[in-house]
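# Breakdown of the fold
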Amino acid sequence: ETGVTQTPRHLVMGMTNKKSLKCEQHLGHNAMYWYKQSAKKPLELMFVYNFKEQTENNSVPSRFSPECPNSSHLFLHLHTLQPEDSALYLCASSQARAGELFFGEGSRLTVL
Amino acid sequence: GDSVTQMEGPVTLSEEAFLTINCTYTATGYPSLFWYVQYPGEGLQLLLKATKADDKGSNKGFEATYRKETTSFHLEKGSVQVSDSAVYFCALSNSGGGADGLTFGKGTHLIIQP
């Protein structure tokens, strides 16, 4: 069982669809993160949860909606996305808020 | 705010060549510094880290030294292999600056030719 698991690994959706990305960590960490990785751009921190409480939202459009039901699970709910939202979405966890991050393998999202 | 600048590449080298990937940072306080590596189709993996000035992080033949006077954390390897081909990210964490998570550079694509 890997430390941080993301599903699905690949997702294709239309602009009117609603879908969710799931992340689960088996490391006993307290903080979880969503990052967006687009070609030719730095990794963009989207959301941070610490002890299930959202501590950071970096001006992310409301069509992205995070949910953290417990310290081990993190979701990213997607609705009415745009083609420019196509990217690799990476989940990560850490023991402390500013410590070493452990990443999942990512969910490759394509919006048609 | 905090930022990380690294050479973007692609950097193409022959096997057994010496590697340097430059990384400089801007941050308040005393950040921790990291190098992550991303192999094709995978997430990011921690390669090495340093938490205070003059610390040297090392792993798998790679090393980097935290230089506060030049705000740098350059990655080096004496003899690269084809299997080192990947994208390398320099990053910092700065809890003293009140930020969560890591701030990443844009990544450097490294290509090693046999």
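Notes on the structure follow. Being a predicted model, the structure only gives us computed values, none of them experimental. (Residues numbered from 1 in each chain as written. Chains lettered and ligands numbered in written order. Predicted model: local features only at pLDDT ≥ 70, side-chain atom pairs only at ≥ 80, totals over all residues. Heavy atoms only, no water.)

Okay, the overall build of chain B next. Scanning chain B for helices and strands turns up 0 helices and 12 strands. In sequence order, the secondary structure elements of chain B are arranged as β-β-β-β-β-β-β-β-β-β-β-β. Its C-alpha atoms give chain B a radius of gyration of 14 Å, within 12% of the compact-globule value 13 Å for 114 residues. In terms of principal-axis extent, the alpha carbons of chain B reach across some 45 × 30 × 20 Å. Among the 114 residues that make up chain B, the fraction classed as buried is 44%. Partitioning the contacts of chain B with sequence separation of at least 6, the portion at a separation of at least 24 is 57%. By element, 48% of the accessible surface of chain B is carried by carbon and sulfur atoms, the whole surface being about 5200 Å². Each charge class in chain B can be summarised by its mean position, and for the 8 positive and 12 negative side chains these summaries are 5 Å apart. (Helix = DSSP H or I, 4+ residues; strand = E, 2+ residues; numbered from the N terminus. Rg over C-alpha atoms; globule rule 2.2 N^0.38 Å. Buried < 20%, exposed > 50% of the residue type's maximum accessible area, 1.4 Å probe, protein only. Contact = heavy atoms within 4.5 Å. Areas by Shrake-Rupley, 256 points an atom, 1.4 Å probe, with all protein chains shown as cover. Lys, Arg positive; Asp, Glu negative; His and termini not counted. Charge placed at Lys NZ, Arg CZ, Asp CG, Glu CD.)

What chain A contains, in helices and strands, is 0 helices and 11 strands. Tracing chain A from N to C terminus, the helices and strands come up as β-β-β-β-β-β-β-β-β-β-β. Computed over the C-alpha atoms, the radius of gyration of chain A is 13 Å, within 12% of the 13 Å expected from 2.2 N^0.38 for a compact globule of 112 residues. For the C-alpha atoms alone, the extent of chain A along its principal axes is close to 35 × 30 × 30 Å.

Turning our eyes to something else, we now look at the interface of chain B and chain A. Each partner contributes residues to the interface: chain B has 20 residues there, and chain A has 21 residues. Counting the surface lost from both chain B and chain A, the interface buries some 1500 Å², and carbon and sulfur atoms represent 53% of this. Per-residue buried area on chain B facing chain A is highest for L44, D100 and F104 of chain B; these three make up 36% of the total on that side. Here chain B and chain A share 1 salt bridge between them. Notably, a salt bridge pairs K49 of chain B with E100 of chain A, separated by 3.2 Å at the nearest N-O pair. At the junction of chain B and chain A, the tally comes to 5 residue pairs in polar contact (both at pLDDT 80 or more). Of all elements in the fold, only β5 (32-38), β6 (44-50) and β10 (86-93) of chain B reach the threshold of two or more residues within the side of chain B that touches chain A. (Buried area = accessible area lost by both parts, 1.4 Å probe. Salt bridge = Lys/Arg side-chain N within 4 Å of Asp/Glu carboxyl O. Polar contact = N/O pair within 3.5 Å; in protein donor to acceptor, adjacent residues only side chain to side chain.)

Once that is clear, we can look at the packing of aromatic side chains. Two numbers describe a pair of aromatic rings. These are the distance of the centres and the angle of the planes. Evaluated as defined, the whole model comprises 11 aromatic pairs over all chains. On the numbers, 5.8 Å between centres and 35° between planes, the contact of F64 of chain A with Y89 of chain A is tilted. Residue F64 of chain A is located in strand β7 (residues 64-70), and its partner Y89 of chain A is located in strand β9 (residues 87-94); the two are separated by 25 residues in the primary sequence. In this structure, F64 of chain A and Y89 of chain A share a single accessibility class: buried. Ring-pair connections join several aromatic residues into one group, and the members of that group are Y33, Y35 and F103 of chain A together with F34, Y36, F89 and F104 of chain B. (Phe/Tyr/Trp six-rings, centres within 6.5 Å; stacked < 30°, edge-to-face > 60°.)

To continue, consider the state of the cysteines. Overall, the coordinates contain 2 disulfides over all chains when judged by the stated rule. At a sulfur-sulfur separation of 1.9 Å, the disulfide partner of C23 of chain A is C91 of chain A. Note on the C23 of chain A and C91 of chain A pair: the S-S dihedral is about -75°, so by sign convention the disulfide is left-handed. With C23 of chain A in strand β3 (residues 18-25) and C91 of chain A in strand β9, this pair connects stretches of sequence that are 68 residues apart. A relative accessible area of 0% means that C91 of chain A is categorised as buried. Disulfide pairing places C23 of chain B opposite C90 of chain B at an S-S distance of 1.9 Å. Because the sign of the S-S torsion sets the handedness, a value of about -70° for the bond joining C23 of chain B and C90 of chain B places this disulfide among the left-handed ones. (Disulfide = S-S within 2.5 Å.)

Coordinates in, geometry out; function isn't part of it.
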